[in-house]
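Residue strings, one per chain:
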Amino acid sequence: MWFNLFYMLKWRLILLIVFTALTIKTNAQNYPQNYFRYPLDSLPSLVSPFGGLRDNHFHSGMDLRTNQREGLPVFASADGYVSRIKIQSIGYGKAIYLDHPNGYTTVYGHLQKYSGKIAEWIQNYQYKNQTFEFDYVFEKPILLVKKGDTIGLSGNSGGSSGPHVHFEIRNTKSEKIINPALFGIIPFDTLNPIIKNVFVYNFVPDGLLLKQVLKINNQSIISTNNPNQFIYKKALELPAEMYGFGIEAYDYIHNPEDEKGIYEYSLKNKNKLAFRHTLNQFAFDESKFINAHIDYPFYKAAKTRIQKCFIDDGNEFSSYQSNSLKGKVLVTKKTRDTLVFEIKDFNQNKFILLVPIVGVAFKINKDKQDYLKLVKEKKVFYPFKKNIVKTDEFLFELDAKSIYDTVFCDLGALKPIQEPALSIIYSVYSPSASFHKAANIAIKPFSVYLEYQNKLLLAYYFKDRKDFRSAGGNFENGFVRGKASNFGHYFVTMDTIAPTIKQVFINTEEALGDSLHFYFEIKDNFSGIGKYEGYLNGEWILLDFDAKSNMLTYHFDKIWYNLVAQNKDSKLKNTAIIKPEVLIRVTDKKGNVAEKTFNMPIAFE
Ligand SMILES: [Zn+2]
C-alpha cells in the first residue's frame, strides 16, 4: 500500500515534469519555426536584441549586424508581397514591410536603397507626388516577392546611429511586435547574462527612495553547486516596511564586453514568483511604459537603467507576471527569507542570485519623513484622472493615464523673465516623472509680440535654464498652443531666422559609391526643417534627406541624364549648351524660407 502510493506520486511527478516541459515547448511552437529566413547572407548576429531598453521605448525589433558596412543585399524573409513603404528622414529611414500568407508581417529598416521593381515603383511615386518622404499602404498585392529575393541594400538611413538592418516580425492583424527569436532567428550564444547591482527601494507617494545598492561581484557573492547560481554573502537586514527591488543586468551575445539587454528576469520571495518580465511581444503604444519600467529619475541623473522588479500603479505594460503585491516585498520583523533574482537570455543562459533577507523592528525612516515634508507644498497630479491647471494666461492639460504614478509638481512662474521668453515662464516641473502621453499646453504671449504671431512658438528650458529647445506649437485665439512631452519650464518665443544651405563635397569611397550625386547641408537654428525642395533647371528633382547628418542628396537620375543627353545633342547641332543649375529651397517650421541656386559642372558623364 505505502509502496503503491509512493509509486503513484512518483508517476504523477514525472507526468507533471513532462507536461511542464511540453507547455514550455508549445510556447515557442505557437510560432512557425524555419518559416522566416535570416534576411542577410550570414549567420544571425545582433547589434541589439529585441526589447532592448532605449530612450522612451523598448526596441521593437532586432538590429542585425552588417559589420559597419552599407550595401549588403537584404532578402525577403519569406514569400509575400510589399504591403507598405515608409520613407522618413528620421526613424526607420527607408523601410519596407512585407505581408506573408501565414498572418505575419516582416519589416526591414534603415535601408540604403531599394531593389528592382520595388525601387522603380518608389521612384515613380516620389516624382508623381513630388516628395521624398512618404508612407504608403498597399490595398492589394502589386509587388510580389519570393523568399530570398533581394528587396534592397542595407544602410544607415533615418535615426540609425551606425550601419545595420532593423528587422521586425509583427502580427499583421494586431500589429503587435513579436520577438523574432520565437520564430527561430537566434544567434549562437553561450555567454551568461549577469546582474551587476541590486537596488533596494522604499516607497513614497511620488515614487521611490533608493535605500541601498548591493554590488554583485566576486567579493560579495559565493558560488553554489549550480554553476549559474550565486549567494549574496551578507544577509540583508531590513526594518519592517514595504520594499521594492531593482536590478542592473546585462546579457552578452558575441563578446563578453558588449552589454546587451536581457530577455527575461524574475524575482521570487517565499519560494513563490513575485514578478517576472519576459520580452516575447508588445504593442507599439505600450513602448513608452519603459519610463515606468526603469527607475526613470536614476536614469536621468546617472544614465544607468535599473529595471524594477515591481509594477507601478499606472504601468500597464502587458508582458509582466506578478503576485498580488505586484512584485513589492513586505518585510516584518519576523521575516527570514531568501530573494531569488533570476535572469535569462533566449538561449537559456542564466544567472541566479540568492539574497538572504532578515526583518528587524520598524524604524522611523528619516529620508521618507524629509521627503514627505518636501512634497507637502507641491501640486499633486494623479495618474487615473484628467489633470488641469488653468489661469488667464496659462493652460496645462494632462489626460487620464498620461503619468505612471502620483506626481508632486513644482507649479508657478519663474523669474526673472528675460530673453528669449516673450511670455511668463511657467514651471510645471518634477524631476522624477515623465509623460506617457503628451500634455496640451497654451501660453499667452506678451501683447507687444502679437504682430509676429505667425513666428511664435513654445519652448522649454532644460538643464538649469542654460539652454532651451523648441516645443513647437502655433498661435490661436490669443494663445500659443502646443504639446509638452516632458515636465519642464515653458514659455513663448519666436523664430524669424531662415535655415542655411551649403553645398558640400564629400570625397570618401562610400560617398562616391556606385551612383553620382550632389550633397547639400541644410540647417535650421530653432524650429526645425519643415520642407525642402530642389529643382534642376526648373524641373523638380528628388532629394534624399537624412536628418541626423543634415544632408540633402541628389542622386543623378533621369532628369540629370536627360539634360546631359540634350547637351550632347546640342554639340552635334551646334546650339547653346544648357548650363545645369540646381535651386534648393528650405523652409523651417515657422515659414522662414531660404533659397539658393548652385551652378553645377557639366562634365559628369
Ligand atoms: Zn532597431
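Procedures and definitions
Residues numbered from 1 in each chain as written. Predicted model: local features only at pLDDT ≥ 70, side-chain atom pairs only at ≥ 80, totals over all residues. Heavy atoms only, no water. Helix = DSSP H or I, 4+ residues; strand = E, 2+ residues; numbered from the N terminus. Buried < 20%, exposed > 50% of the residue type's maximum accessible area, 1.4 Å probe, protein only. Contact = heavy atoms within 4.5 Å. Lys, Arg positive; Asp, Glu negative; His and termini not counted. Charge placed at Lys NZ, Arg CZ, Asp CG, Glu CD. Expected span 1.5 Å × (residues − 1). 1 Å grid on protein atoms, 1.4 Å probe; cavity = no way out; pocket = protein on both sides within 12 Å on 5 of 7 lines; lining within 4 Å. Points joined across faces, edges and corners; volume = space filled by probe spheres on them. Nonpolar A, V, L, I, M, F, W, Y, C, P; charged D, E, K, R; others polar. Domains from an automatic or database assignment. Polar contact = N/O pair within 3.5 Å; in protein donor to acceptor, adjacent residues only side chain to side chain. pLDDT = per-residue confidence, 0-100. Donors = N, O, S within 2.8 Å, 3.2 Å for Na, K, Ca; no water. Core = buried A, V, L, I, M, F, W, Y, C linked by side-chain atoms within 4.5 Å. Pairing = 2+ DSSP bridges. Axes fitted to C-alpha atoms, helices over the stretch in contact; angles between N-to-C directions. Salt bridge = Lys/Arg side-chain N within 4 Å of Asp/Glu carboxyl O.

**A few points about the overall build of the protein chain**
Within the protein chain, the regular secondary structure consists of seven helices and 46 strands. Its C-alpha atoms put the protein chain at 110 × 65 × 45 Å along the principal axes. Counting all 605 residues of the protein chain, 48% fall into the buried class. For the protein chain, the proportion of contacts with a sequence separation of at least 24, taken over those separated by at least 6, is 68%. The positive charge centre, built from 75 side chains, and the negative charge centre, built from 62, are 6 Å apart in the protein chain.

**Side note on helix α2 (residues 116-129)**
When the terminal C-alpha atoms of α2 are compared, their 20 Å separation across 14 residues agrees well with the 20 Å that a helix rising 1.5 Å per residue should span. All of the buried residues along α2 are I118, W121, I122, Y125, Q126 and Y127.

**Some words on empty space enclosed by the protein**
Enumeration according to the criterion identifies two cavities of 30 Å³ or more in this entry. Roughly 180 Å³ of internal volume is contained in the largest cavity. Lining the largest cavity are 18 residues, and of these L46, P49, I253, Y263 and F346 lie nearest its centre. Broken down by class, the residue content of the lining of the largest cavity amounts to 10 nonpolar, five polar and three charged. When we break the lining of the largest cavity down by domain, the ones giving at least three residues each are domain 2 (46-183) and domain 3 (194-368). Of the pockets and cavities examined, the second largest cavity occupies roughly 40 Å³.

**Here's the deal with the side chain of D546**
Mapped onto the fold, D546 is located in strand β43 (residues 544-546). Within the structure, D546 has its side chain in polar contact with the side chain of K548 (distance 3.0 Å). Of note is the side chain of D546, whose polar atom sits 2.6 Å from the side chain of S549. If near-sequence neighbours (up to four positions away) are discounted, D546 is found in contact with S89, N156, S157, G158 and M551.

**Remarks on the confidence of the model for the protein chain**
Mean pLDDT over the protein chain stands at 90; residues scoring 70 or higher make up 93%. Note on residues 1-26: pLDDT under 50 across the span, and zero contacts to partners over four residues away in sequence or across chains.

**A few points about the coordination of the zinc ion**
Taken together, H59 (NE2), D63 (OD) and H166 (ND1) make up the full set of protein donors to the zinc ion, lying 2.0 to 2.1 Å away. As a motif over one chain, the donors of the zinc ion read H-x3-D-x102-H. Of this pair, D63 sits in strand β4 (residues 62-65) while H166 sits in strand β12 (residues 164-171), and the two are 103 residues apart along the sequence. Assigned by exposure class, D63 and H166 land together as buried.

**Re the nonpolar core**
Core analysis: the largest hydrophobic core is formed by 109 residues, its most contacted members being F245 and F341. Top contributing element to this core by residue count: α2, with five residues.

**Some remarks on the sheet that holds strand β41 (residues 529-536)**
Each strand in a sheet pairs with another by means of backbone hydrogen bonds, the pair being arranged parallel or else antiparallel. Ordered by their spatial adjacency, four strands build an open sheet running β42-β41-β45-β46, and the pairing between neighbours is antiparallel. Only two strands of the sheet have a single neighbouring strand rather than two, namely β42 (539-541) and β46 (593-599). Averaged over all adjacent pairs, the angle separating strand axes in this sheet is 25 degrees, with direction ignored. Sheet topology places β41 next to strand β45 (residues 581-588); seven bridges connect them, and they run antiparallel. If you follow K531 over to β45, its bridge partner there is T587.

**Regarding the pattern of salt bridges**
Taken as a whole, this structure holds 21 salt bridges when the rule is applied. Of the charged contacts in the structure, one is a salt bridge between D258 and K260, with a shortest N-O distance of 2.8 Å. A relative accessible area of 29% means that D258 is categorised as partly exposed. A relative accessible area of 8% places K260 in the buried class.

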